[in-house]
Amino acid sequence: MIKMTKPKTSNFFKKLTLAFLKTQQKREFLVEKLQRQLEKAEKEAEKAEDPSVKAEWTRIIGFLTQTLNSLLRSYDATKFNEDLQQLKRLVEMAKEEHERLSQWQAELEARERALAIKEEELNRKLEALSKQQPLG
């Protein structure tokens, strides 16, 4: 008896998925942290009276905004790819279900044809029997 083992690639994909999820969690954490830092920088810029200090906070706000924008774009692209992969899986499942239903329908039609042939055969036999028996 040959023992079948699972391919080792499944373990690879599990690790890859786990790493991906950890990356997404880190990305979400960083977005939240950057948003908090951005809010702090905006408050400090509003409080600053010295134009050079205000300019420095404005520069920091710009940097935080660019970084946040980059992270969010990356997150959106990743989310889009996740959704696209889910859609591909759903399409594949729908195709498999369609194939299964098509096979089932073909089998059902074959059975209906076989039943129709048997019905015709029985009707001929009944007709032949009714001709053999005298009407009483």
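Computed from a prediction, not measured in an experiment: that's the story for all the values here.

Caption draft 1: Spotlight on the overall build of the protein. Within the protein, the regular secondary structure consists of two helices and zero strands. Counting the 136 residues in the protein, one finds 10% classified as buried. Look at the contacts in the protein between residues 6 or more apart in sequence, and 66% of them connect residues 24 or more apart. About 12,500 Å² of surface is accessible on the protein, with carbon and sulfur atoms providing 60% of the total.

Caption draft 2: Summary view of the side chain of Arg27. Secondary-structure assignment places Arg27 in helix 1 (residues 9–47). Buried Arg27, no salt bridge; nearest opposite-charge side chain is Glu82, N-O distance 7.2 Å. Excluding anything up to four places from it in sequence, Arg27 contacts Leu71, Ser74, Tyr75 and Thr78.

Caption draft 3: Expanded view of a nonpolar patch on the surface. Residues Leu101, Trp104 and Leu108 make up a contiguous nonpolar surface patch of about 300 Å² in total accessible area. When you line up the elements, Leu101 lands in helix 2 (residues 51–132).

Caption draft 4: Broad picture of the nonpolar core. Core analysis: the largest hydrophobic core is formed by nine residues, namely Val31, Leu34, Leu38, Ala41, Ala45, Ile61, Leu64, Leu68 and Leu71. When contributions to this core are tallied by element, the ones reaching two or more residues are helix 1 and helix 2. With five residues, helix 1 is the largest single contributor of residues to this core. Ignoring any residue separated from it by four or fewer positions in sequence, one finds Ile61 in contact with Leu38, Ala41, Glu42 and Ala45.

Caption draft 5: Quick look at the pattern of salt bridges. Counted under the stated rule, the structure contains six salt bridges. The salt bridge involving Glu97 is made with Arg100; its shortest N-O contact spans 2.6 Å. In this pair, Glu97 and Arg100 are both assigned in helix 2, three residues apart and thus about one turn of the helix distant. Taking relative accessible area as the criterion, Glu97 reaches 36% and is therefore assigned partly exposed. With relative accessibility at 46%, the residue Arg100 sits in the partly exposed group. A salt bridge links Glu127 to Lys131, with the nearest nitrogen and oxygen atoms 3.4 Å apart.

Caption draft 6: Region of interest: helix 2. An ideal rise of 1.5 Å per residue puts 122 Å on 82 residues; helix 2 measures up with 118 Å between its terminal C-alpha atoms. For helix 2, the side-chain oxygen to backbone nitrogen distance between the N-cap and Ser52 is 3.2 Å, and the N-cap itself is Asp50.

Caption draft 7: View of the confidence of the model for the protein. For the protein, the mean per-residue pLDDT works out to 83, and 82% of the residues sit at or above 70. Across residues 1–9 the pLDDT falls below 50, and counting only partners more than four positions away or on other chains, this stretch makes zero contacts in the model.

The rules we used
Residues numbered from 1 in each chain as written. Predicted model: local features only at pLDDT ≥ 70, side-chain atom pairs only at ≥ 80, totals over all residues. Heavy atoms only, no water. Helix = DSSP H or I, 4+ residues; strand = E, 2+ residues; numbered from the N terminus. Buried < 20%, exposed > 50% of the residue type's maximum accessible area, 1.4 Å probe, protein only. Contact = heavy atoms within 4.5 Å. Areas by Shrake-Rupley, 256 points an atom, 1.4 Å probe, with all protein chains shown as cover. Lys, Arg positive; Asp, Glu negative; His and termini not counted. Salt bridge = Lys/Arg side-chain N within 4 Å of Asp/Glu carboxyl O. Patch = residues over 30% accessible without salt bridge, like charges linked within 9 Å, V, L, I, M, F, W, Y side chains within 5 Å. Core = buried A, V, L, I, M, F, W, Y, C linked by side-chain atoms within 4.5 Å. Expected span 1.5 Å × (residues − 1). Polar contact = N/O pair within 3.5 Å; in protein donor to acceptor, adjacent residues only side chain to side chain. pLDDT = per-residue confidence, 0-100.

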